[in-house]
Amino acid sequence: MAREIINVQVGQAGNQVGESFWRMLLAEHGLDEQGFYRGNDPQQLARIGVFFSEVDNVGGATKYVPRSVQVDLESGVCDHIRSGKIGALFRPDTYITGETGAGNNWAKGYYTEGKNSAELIDSILDVIRKQTEATDALQGFQLIHSLGGGTGAGLGSLLLSKFREEFPDRMLSTFSIIPSPKVSETVVEPYNALLSVHQLVENTDLTMMIDNEALYDITVRTLKAKNPSFDDLNVLVSQVMCGVSTSLRFPGQLNGDLRKLALNLVPFPRLHFIMPSYAPFFDPKAKAFIRMTVPDLVHAVFERGNYLVACDPRFGRYLTAATIFRGRVSSNEAERTINDYQRKNSSHFVEWIPDNVSVTLCSVPPVGQTQSATCLANSTAVQELFKRTLSQFTAMFKRRAYLHWYTGEGMDQMEFSEAESNTHDLIAEYQQYQEASLGEEEFEDEEYAEQSYAEGGVEEGVEEEGVAEEE
């Protein structure tokens, strides 16, 4: 039985990345641009139901239709997809667009066009309900959006809270494109990003952080593209997205799914912001000279240059990580290599979570490659991203700059203060666990035992203290 995932792409960035993702899925499952099967490997169809639903046509050919919803507050990008090569792939009623656009304003996406405009949000939820009713065992939702604009950030945040209300027991994962440290597209990016993070902390199970600057670096330095376009960058994101869902879509030796990933990756509910990386990245001209063994792949995915987000994992510690290998990889070799890497770099991993790197294997390699690896790392270094955005946010918020655009859309100034303090708390939590060690935990256990002894009477306290000492 396929455990289905419903894809929701919101805003310009979300729809452009989504289009690239669907192109890659078509190639991996042997489908043409109309959704008809043209492949010759039975594994391609074994679990195609994860992202596609089957429609039997009159001619007898089965058409595979993406389980996806395309949302934007202006029709430009959706019209481009609709009139493009894969436009006929999607069901016509899954394109949902507004008229006015959000104008890079989070409040306009969340309140004016979202909460206060029941018509749009209801039509989105109706299409989602139809999609969920047609599933056998819905695994969850995957949302693609950017945090710097108005639609992806504002309307995307609202949709997440609606999904959480309506489907509380389903997984919610997002691929969130965050503002880059040097390249800024709009002045109010820090406002939009932190207001979104405020919502993501509460409403998602996994958030994959991606930024354009890291993608530019990979395409220019490693892939040797002179003037990379957004299409080039989106291909990198698609490779990671396909890597994450690969063990759901194909049979493998060690299977993983969204729920298993989240269980292994998220030790504390608020700390679910993940840094994705991928290997191999290489110059297409040098393809014939690239040798990729399992140790090479492991070293590559933990290298700073292969992360899709601009922060250095050496400045933090890994709480957990998940590695997903594709191609002919022996489970023994993969696990041994991971253990060796952890032992040699033990200072980069917290010692109070033993065996904190999980391994998933899938025998089907990506199109045009023999082996690949995807890594999802939950590292305390991710606080660097929040600190960077928070400092820009605070500088503007102190002077109340641009605030009238947000309050004019019916937003309360208190929400800015709450988002700011929530991000401060999040950074403090990451820092706390980065500095925590085994010794401190034992000390806390003793403290806890003493407290129980004082509060709950002698016998209870003695039992507690015994347990603490055994630990």
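Use the structure listed above.
Residues numbered from 1 in each chain as written. Predicted model: local features only at pLDDT ≥ 70, side-chain atom pairs only at ≥ 80, totals over all residues. Heavy atoms only, no water.

Here's the deal with the overall build of the chain
Rule in force here: Secondary structure is summarised from DSSP: a helix means a run of H or I of at least four residues, a strand means a run of E of at least two, and numbering begins at the N terminus for each. What the globule rule says is 2.2 Å times the number of residues to the power 0.38, and the radius of gyration is computed from C-alpha atoms. The rule is simple: take the accessible area with a 1.4 Å probe, protein chains only, and divide by the maximum for that residue type; under 20% is buried, over 50% is exposed, in between is partly exposed. By the convention used here, residues are in contact when the closest approach between their heavy atoms is within 4.5 Å. Per-residue accessibility takes into account occlusion by the displayed protein chains alone, with areas from the Shrake-Rupley method and a 1.4 Å probe. Residues scored as positive are Lys and Arg, those scored as negative are Asp and Glu, and His as well as the terminal groups of each chain are ignored. Where a charge lies is defined by one atom per residue type, namely NZ (Lys), CZ (Arg), CG (Asp) and CD (Glu).
Check the secondary structure of the chain and you find 17 helices and twelve strands. What you see for the chain is a C-alpha radius of gyration of 23 Å, in line with the 23 Å of a compact globule of 471 residues. Split into buried and exposed, the 471 residues of the chain put 57% on the buried side. Sequence separation of at least 24 residues holds for 80% of the intrachain contacts in the chain that already meet a minimum separation of 6. Accessible surface for the chain amounts to roughly 20500 Å². Of this, 50% is attributable to carbon and sulfur atoms. The positive charge centre, built from 40 side chains, and the negative charge centre, built from 67, are 11 Å apart in the chain.

Things to note about the environment of N332
Along the chain, N332 turns up in helix α12 (residues 331-344). For the pair N332 and T204, spaced 128 residues apart in sequence, the C-alpha separation works out to 33 Å.

Side note on the pattern of salt bridges
As a reminder of what qualifies: For salt bridges, the criterion is a side-chain nitrogen of Lys or Arg within 4 Å of an Asp or Glu carboxyl oxygen.
With the rule as written, the count across this model stands at 21 salt bridges. Put simply, R326 and E28 hold a salt bridge, and the shortest N to O gap is 3.1 Å. Placement of the pair is R326 in strand β10 (residues 318-327) and E28 in helix α1 (residues 11-28), with a sequence separation of 298 residues. This pair shows no difference in class: R326 is buried, exactly as E28 is. E429 serves as the salt-bridge partner of R270, at 2.7 Å between the closest nitrogen and oxygen. Residue R270 is found in the loop between α10 (258-265) and β9 (273-279), and its partner E429 is found in helix α15 (residues 413-435); the two are separated by 159 residues along the sequence. One network of salt bridges, with partners in common, ties together E19, R23 and E33.

Section: a nonpolar patch on the surface
The line we're drawing: Candidate patch residues must exceed 30% relative accessible area and have no salt bridge, after which like charges are joined if within 9 Å and Val, Leu, Ile, Met, Phe, Trp or Tyr side chains if within 5 Å.
A cluster of nonpolar side chains, contributed by V187, Y402 and W405, occupies part of the molecular surface with about 330 Å² of accessible area. Mapped onto the fold, Y402 is located in the loop between α13 (383-398) and α14 (403-407). Look at Y402 and you get partly exposed, because its relative accessible area is 34%.

What to know about empty space enclosed by the protein
As a reminder of what qualifies: In this analysis the probe radius is 1.4 Å and the grid spacing 1 Å, with only protein atoms considered; a cavity is a set of points the probe fits into but cannot get out of, a pocket is an open set with protein on both sides within 12 Å along at least five of seven lines, and lining residues have an atom within 4 Å of a point. Grid points are joined across faces, edges and corners, and a volume is the space filled by probe spheres set on the points.
This structure, assessed with the given rule, holds three cavities of 30 Å³ or more. Approximately 70 Å³ is the volume attributed to the largest cavity. Those elements that place two or more of their residues in the lining of the largest cavity are α7 (189-203) and α13. Ranked by residues supplied to the lining of the largest cavity, first place goes to α13 with four residues.

Regarding the nonpolar core
Note the threshold: In plain words, nonpolar cores are sets of buried Ala, Val, Leu, Ile, Met, Phe, Trp, Tyr and Cys residues tied together by side-chain atoms within 4.5 Å.
Grouped together as the largest cluster of nonpolar side chains are 88 residues, with contacts concentrated most on F273, F302 and F325. One finds I5, F52, I218 and F281 within the second-largest nonpolar core, a separate group that totals 48 residues.

Description of the packing of aromatic side chains
Each aromatic ring pair is summarised here by two numbers: the centre-to-centre distance and the angle between the ring planes. Rules: Aromatic pairs are defined between Phe, Tyr and Trp rings, using the six-membered ring for Trp, whenever the two ring centres lie within 6.5 Å; interplanar angles under 30 degrees are classed as stacked, those over 60 as edge-to-face, and all others as tilted. As a reminder, the over-ring test applies to NZ of lysine and CZ of arginine, requiring each to be within 6 Å of the ring centre and within 35 degrees of the ring normal.
As enumerated under the stated definition, the model contains 28 aromatic pairs in all. Relative to F51, the ring of F21 lies with its centre 5.5 Å away and its plane at 80 degrees, an arrangement referred to as edge-to-face. Taken together, the residues span a long stretch of sequence, with F21 in helix α1 and F51 in the loop between α2 (43-46) and β2 (52-56) at a distance of 30 residues. Look at F21 and you get buried, because its relative accessible area is 0%. With centroids separated by 5.0 Å and ring planes inclined at 50 degrees, the aromatic side chains of F141 and F167 adopt a geometry described as tilted. Note that F141 is positioned in strand β6 (residues 137-146) and F167 in the loop between α6 (151-166) and β7 (171-178), a separation of 26 residues in sequence. Connected via pairs of aromatic rings, a cluster forms that spans F21, W22, F51, F52, F90 and Y95. Across from the ring centre of Y95, 4.4 Å away, lies the NZ or CZ of R82, which sits over that ring. The residue whose ring lies beneath R400 is F397, and the NZ or CZ to ring-centre distance is 4.3 Å.

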